[in-house]
Amino acid sequence: MKTFLKIMLGLIVLTAVALVAFIAIPVQRTPAQSEMPAEWRPEEGQGGYAMRLADCAACHTAPDGEMFAGGRAIESPLGTIYSSNITPDDETGIGGWSLDAFRAALYDGVRPDGTHLYPAMPYENYRKLTEEDVRALYHYFTDEVEPIRNDTRDADLPFPFDQRWTLRGWKWLALDAPGFRAGADDPVLARGEYIVEGPGHCGACHTPRNAIMAEAAVDASDEAFLTGGEIAGWTAPALRGPGSAIAGWSREDLVAIFSTGRNAHAAVNGEMQLVIRDSTQFMSEEDLAAMSAFLVGLNDGGAPPESPGDRTGTEALIASADPDMPLGARLYIDNCNACHFADGRGADEVFPELDGNALVTAESPTGLISMILNGSELPSTPKRPYSLRMPGFADRLTDAEAAELASFVRQAWSNDAAPVSADDIADLRGDADAKVE
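Residues numbered from 1 in each chain as written. Predicted model: local features only at pLDDT ≥ 70, side-chain atom pairs only at ≥ 80, totals over all residues. Heavy atoms only, no water.

### A word on the overall build of the protein chain
Each helix and strand counted, the protein chain has 19 helices and six strands in total. Counting over 437 residues, the protein chain shows a buried share of 48%. Long-range pairs, those at least 24 residues apart, make up 63% of the contacts in the protein chain between residues at least 6 apart in sequence. For the protein chain, the exposed surface amounts to about 21,500 Å²; the carbon and sulfur share of it is 55%. (Helix = DSSP H or I, 4+ residues; strand = E, 2+ residues; numbered from the N terminus. Buried < 20%, exposed > 50% of the residue type's maximum accessible area, 1.4 Å probe, protein only. Contact = heavy atoms within 4.5 Å. Areas by Shrake-Rupley, 256 points an atom, 1.4 Å probe, with all protein chains shown as cover.)

### Brief notes about the layout of surface pockets
Reported here for the second largest pocket is a volume of approximately 880 Å³. Within the residue set of the lining of the second largest pocket, elements represented by two or more residues are helix H3 (56-60), strand S2 (79-82), helix H4 (99-108) and helix H6 (131-144). In the lining of the second largest pocket, the residues fall into 22 nonpolar, nine polar and nine charged. (1 Å grid on protein atoms, 1.4 Å probe; cavity = no way out; pocket = protein on both sides within 12 Å on 5 of 7 lines; lining within 4 Å. Points joined across faces, edges and corners; volume = space filled by probe spheres on them. Nonpolar A, V, L, I, M, F, W, Y, C, P; charged D, E, K, R; others polar.)

### Re a nonpolar patch on the surface
Where nonpolar side chains cluster on the molecular surface, the patch consists of Trp172, Leu173 and Ile212 and spans about 360 Å² of accessible area. Looking at the secondary structure, you find Ile212 in the loop between helix H9 (203-206) and strand S3 (229-231). For Ile212, a relative accessible area of 32% translates into the label partly exposed. (Patch = residues over 30% accessible without salt bridge, like charges linked within 9 Å, V, L, I, M, F, W, Y side chains within 5 Å. Salt bridge = Lys/Arg side-chain N within 4 Å of Asp/Glu carboxyl O.)

### Topic: the pattern of salt bridges
All chains considered together, the criterion is met by 12 salt bridges. When the shortest N-O distance is used, the salt bridge between Glu124 and Arg209 registers 3.5 Å. Pair noted here: Glu124 is in helix H5 (residues 123-126) and Arg209 is in the loop between H9 and S3, with a separation of 85 residues, a long-range link. According to the relative accessible area criterion, Arg209 is partly exposed, its value standing at 37%. Its salt-bridge partner being Asp399, residue Arg429 comes within 2.8 Å of it at the nearest N-O pair. One end of the pair, Arg429, is in the segment after helix H19 (422-428); the other, Asp399, is in helix H18 (residues 399-411), and 30 residues separate them in sequence. Each member of the pair, Arg429 together with Asp399, is buried.

### Section: H6
An α-helix turns once per 3.6 residues; consequently, residues spaced three or four apart project the same way. With 14 residues, H6 should reach 20 Å at 1.5 Å per residue; the first-to-last C-alpha distance of 19 Å fits that figure. Along H6, the residues classified as buried are Glu131, Asp133, Val134, Arg135, Ala136, Leu137, Tyr138, His139, Tyr140 and Phe141. Turning to H6, the residues buried within the fold contact helix H2 (46-54), H3, H4 and helix H8 (187-197). (Expected span 1.5 Å × (residues − 1).)

### With respect to helix H7 (residues 167-174)
Taking burial as the measure, the eight residues of H7 include six buried ones, the bulk of the element. Within the span of H7, buried status applies to Leu167, Arg168, Gly169, Trp170, Lys171 and Ala174.

### Considerations on the confidence of the model for the protein chain
Per-residue pLDDT for the protein chain has a mean of 87; in total, 89% of the residues score no lower than 70. Note that pLDDT drops below 50 for residues 13-22; the model gives that stretch seven contacts with residues more than four away or on any other chain. Across residues 431-437, confidence stays below pLDDT 50; counting only partners more than four residues off in sequence or on other chains, it has 12 contacts. (pLDDT = per-residue confidence, 0-100.)

### Re the packing of aromatic side chains
Scanning all chains against the criterion turns up nine aromatic pairs. A centroid spacing of 5.2 Å and a plane angle of 80 degrees characterise the contact between Tyr140 and Phe141, whose relative ring orientation is edge-to-face. Of the two residues, Tyr140 and Phe141, neither departs from the other in class, the shared state being buried. When the centroid spacing of 5.5 Å and the interplanar angle of 70 degrees are considered together, the rings of Tyr332 and Trp413 count as edge-to-face. Of this pair, Tyr332 sits in helix H14 (residues 327-335) while Trp413 is found in the loop between H18 and H19, placing the two residues 81 residues apart along the sequence. For Trp413, a relative accessible area of 1% translates into the label buried. Aromatic rings pair up to connect Phe68, Phe102, Tyr138, Tyr140 and Phe141 into one cluster. The ring of Phe282 is capped by Arg52, whose NZ or CZ atom sits 3.9 Å from the centre of that ring. (Phe/Tyr/Trp six-rings, centres within 6.5 Å; stacked < 30°, edge-to-face > 60°. Lys NZ or Arg CZ within 6 Å of the ring centre and 35° of its normal.)

### A short note on the side chain of Asn85
The topology assignment puts Asn85 in the loop between S2 and H4. Separated by 2.8 Å, the side chains of Asn85 and Thr87 make a polar contact. One polar contact links Asn85 to Thr92, side chain to side chain, over a distance of 3.0 Å. (Polar contact = N/O pair within 3.5 Å; in protein donor to acceptor, adjacent residues only side chain to side chain.)

### Focus: unusual backbone geometry
The amide bond that connects Phe159 to the next residue, Pro160, takes the cis arrangement and shows omega of 5 degrees. Assignment of secondary structure puts Pro160 in the loop between H6 and H7. Positive phi is not limited to glycine here, since Asp64 has a value of about 65 degrees. Checked against the element boundaries, Asp64 lands in the loop between H3 and strand S1 (73-76). You will see that Trp413, though not glycine, has its phi angle at about 50 degrees, which is positive.

### Details of the pairing of S2
One ladder, built from four bridges, connects S1 with S2; its direction is antiparallel. Note that in S2 the partner of Ser76 across the bridge is Gly79. Hairpin connection of S1 to S2: two residues between the antiparallel strands. (Pairing = 2+ DSSP bridges.)

### Focus on the state of the cysteines
According to the stated counting rule, one finds zero disulfides in the structure shown. Cys205 carries a free sulfur, and the closest cysteine sulfur to it, the one in Cys59, is 8.0 Å from it. Lacking any disulfide linkage, Cys339 is separated from the closest cysteine sulfur, that of Cys336, by 8.7 Å. (Disulfide = S-S within 2.5 Å.)

See below:
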């Protein structure tokens, strides 16, 4: 018995020592992935352009807040994380950070004092940033951005997820080796691959999460990469594979949606509106073309799969205006038909198609429900300066009615998706005061 107790005591001591070491031993910072002269400085505008590629403003600027001063609420399955202040303020921002410390935040998700950043900061993807882009970003944020004092809120996460030190173990499992390795030999495709996998961090939303909530894949060599995800109550559709939302799209179609938020097939919604507003509309024509070419290549340039649904049957039903038609069809006529029309085709670059729309037919109806309840607004861009808004219907449709409408649209024309229940609507209806009893 004494021997057993000694063994147990020894194991407890070893475990305690290991835990202390796990917490206390300094985190190793990833060094630069290529050599550059110490005196290197970015060309005029290069840092600002790198910031646009990395889409820093969308997350680090709160609604009605100062640029880059942080405080934006980022919803996660575990709770709410608030973005940090990345202006060069000495007290509340990144003032005084060295280049090495800045790189460590991008690559390793760690602050100068060793505090781990939550992976709402997409360091899984930023680990692919070139040293030139890292330095351009560093000089931009330390030399060109005005310091703003702004204390941001702590993350609102339950125990044990509020213990940042546990992220060290998560990173051992989740993070791939740093650096970008192109899978394409063509320089245009390689540039597009770099933007998508690295600074653009497209996989952070459009790639599913695995059991530990890390991205299931971080580069195109893995077939799970860009096969769809969900973020903040919106569907991030698949960009490759059998359910790809962009199957059959041309390079020009993709350039149009990246630069304006709309094309002949679809319009952006949810978090992607911020991407257009703060990032892709500012990209060069060359980078837009490269990114689009890479994504078209992931879809083999093929045509979208044909659906066996009856397009003309739905159109005839809506056009008949029969008072005895199903409730879903009547709700469509009352709320949707004026813009999306009886054929579900909408109007190019104004009202998106509903027939064959990936948001409509996604396995998860989350995005469609959010659109019906909350509406959506297309950003104004230089190519399309007019801003278009679809109103939300949360204040005029009950849960049962919204479910009937969503189910109708998901099964109309050539669409063939599962119906939506009133419980699905209730789960996503945000403000209880907006609910119609």
